[in-house]
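# Residue-level structural notes
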Amino acid sequence: MTSVPTAATSTTPADGEVPREAAALARQGRFPTDFLWGAATASYQIEGAVAEDGRTPSIWDTFSHTPGKTENGDTGDTAVDHYHRSAEDVALMAGLGLGTYRFSVSWSRVQPTGRGPAERRGLDFYRRLVDDLLARGIRPMVTLYHWDLPQELEDAGGWPERDTAHRFAEYAALVGEALGDRVELFTTLNEPWCSAFLGYGSGVHAPGRTDPVDALRAAHHLNLAHGLGAQALRASVPAGRTPRIAVSLNPSAVRARTAAPEDEDARRRIDALANRVFTGPMLHGAYPEDLFADTARLTDWSFVQDGDARTAGQPLDLLGINYYAPAIVSGGLVDGPRDDGHGASAHSPWPAADDVTFHQAQGERTAMGWGVDPSGLYDLLMKYAAEAPGVPLLVTENGAAYPDAPDAEGRFHDPDRIRYLHGHLSAVLDAIRDGADVRGYYLWSLLDNFEWSYGYGKRFGAVHVDYDTQVRTPRSSAHWYARAARDGVLPPADFRPPRRAWPGRRARIRRSRRSCTPATRPPPGSASR
């Protein structure tokens, strides 16, 4: 790996070193007073209204309507109807005391063809959402791309084509012009690894293609799109405004199963494909040479043009870390399906690494089958605090899906999720104590939603959603998180809300039920349920 150019990690002077006050507070079990407590969502997972106000299909519309691609044939056609209920959802956030909300813009809602002028009605929806958030004292964080590429751009070749990165920069400028007068925090891409390797490698995500070289090409053009998009954002916001730009990666805490040389080499190879394929260009302005060597039998990487990696290495104001579970690997194949936690497919998302075996951690697992291991989050925060000194960190996604059911009074108590959050936020606090400059945490997710190829069967929300009526009911974990945000101290892991915490919520739920008109309910027999 080449050395780190200073331009890739330049920040404001205040970010030059970890505030000593934050570490001191962490040693007392307290979060910094300015710590950002938030929640996150994504446009296709919650908005619905897929054919309203000029929106055109994205790759996820096409993929989810393709038989066999999602559980039960579920789609995001209605999702949780956030497009019509955003004011209600913002009020819910305010009631939970959130200080910030991370949401994504639907590219095909604001630029339906993926090129050309903006659709005013789409931009107006996001303007209203931002204004509602600001009126409630909630700081918006806008993600430009959370996997929903306009279908017209996929028809033209998608992310394996270089032109898509330039179309992304054009789109980023449209959003910057529209929202840059009131939004400070932007994320260019969410989990580009999933877009590239699950979308074009294993095919378990949209657009469902299965070519390992296309996956590597897509990864490169996503890197390029990040750099071009960051440049476009900075150039497009109104005069006098300075956006703070991040990218949200899902780096893998890769661990060798044993100390054997073949297992350590497997760890190195997966680290290159999961992590350094993005952090190399974005943080260091160069790809790692061992990635080129490992994949040489597939491609010569001639699609990388001179200056591309430096373009990808635009200055970052913040680095977003999404974390769910570690990856444990060993060298050599074993019988049975690949157990990497990224869905079943005959095609691997790991180009040129078919001889690496994945193992799930022992112990508790979530409904997704992922091991619960907060130490992986701590390890990643410390790793990137060291690798990108001076770049503050945000946990831009972390959470868990668990099955649950209401009690006799309609309350949803989710002790497993509370323990999960307690463990992972404790890991964040430990990282701050040990010197990592972590500025905030975004719970995934605010609401139950369309969980991609898993459909509606996996529920990540701190707020339960009845998909038939769209009624929102905060779970016990939402009350736990609200108390943590209010006090800056983690409530106990065995927390259970007092009975008085529920009536006001239930009153809001009853009002929500009355507002659920036939026009906004999912139609009977809808494929999205």
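Residues numbered from 1 in each chain as written. Predicted model: local features only at pLDDT ≥ 70, side-chain atom pairs only at ≥ 80, totals over all residues. Heavy atoms only, no water.

Scanning all chains against the criterion turns up 34 aromatic pairs. Ring plane angle 50° and centroid distance 4.8 Å describe the contact between Phe31 and Phe35, whose orientation is recorded as tilted. Judged on exposure class, the residue Phe31 and its partner Phe35 are both buried. Each ring, one from Tyr324 and one from Phe460, has its centre 6.2 Å from the other, and the planes form 80°; the classification is edge-to-face. (Phe/Tyr/Trp six-rings, centres within 6.5 Å; stacked < 30°, edge-to-face > 60°. Buried < 20%, exposed > 50% of the residue type's maximum accessible area, 1.4 Å probe, protein only.)

Here we come to the sheet that holds strand 2 (residues 100-104). Strand pairing within a sheet occurs via backbone hydrogen bonds; the two strands may be parallel or antiparallel. Sheet architecture is closed into a barrel: eight strands sit in the order 1-2-3-4-5-7-10-11, paired in parallel fashion. The sheet shows a mean angle of 25° between the axes of neighbouring strands, taken without regard to direction. Direction of pairing for strand 4 (residues 185-190) relative to strand 5 (residues 244-249): parallel, over a ladder of four bridges. Within strand 5, the position partnered with Asn190 by the bridge is Ser248. (Pairing = 2+ DSSP bridges. Helix = DSSP H or I, 4+ residues; strand = E, 2+ residues; numbered from the N terminus. Axes fitted to C-alpha atoms, helices over the stretch in contact; angles between N-to-C directions.)

Packing of helix 10 (residues 212-236) against helix 11 (residues 261-284) leaves a shortest axis separation of 10 Å and a crossing angle of 35°. By crossing handedness, the relation of helix 10 to helix 11 is classed as right-handed. Contact residues: helix 10 offers Leu216, Ala219, Asn223 and His226, while helix 11 offers Leu273, Val277, Phe278, Pro281 and Met282. Partitioned by chemical class, the residues of the contact of helix 10 with helix 11 number seven nonpolar, two polar and no charged. (Left-handed = near helix turned anticlockwise from the far one by under 90°. Contact = heavy atoms within 4.5 Å. Nonpolar A, V, L, I, M, F, W, Y, C, P; charged D, E, K, R; others polar.)

Our next topic: the packing of helix 15 (residues 415-433) against helix 16 (residues 476-487). Packed helix pairs are characterised by how far apart their axes lie and by the angle those axes make with each other. Helix 16 packs onto helix 15 with a crossing angle of 30° between their chain directions and a minimal axis gap of 9 Å. In terms of orientation, helix 15 and helix 16 fall into the roughly parallel class. Touching Arg417, Ile418, Leu421, His422 and Leu425 of helix 15 are Ser476, Ser477, Trp480 and Tyr481, all from helix 16. (Parallel < 35°, antiparallel > 145°, perpendicular 65-115°, else oblique.)

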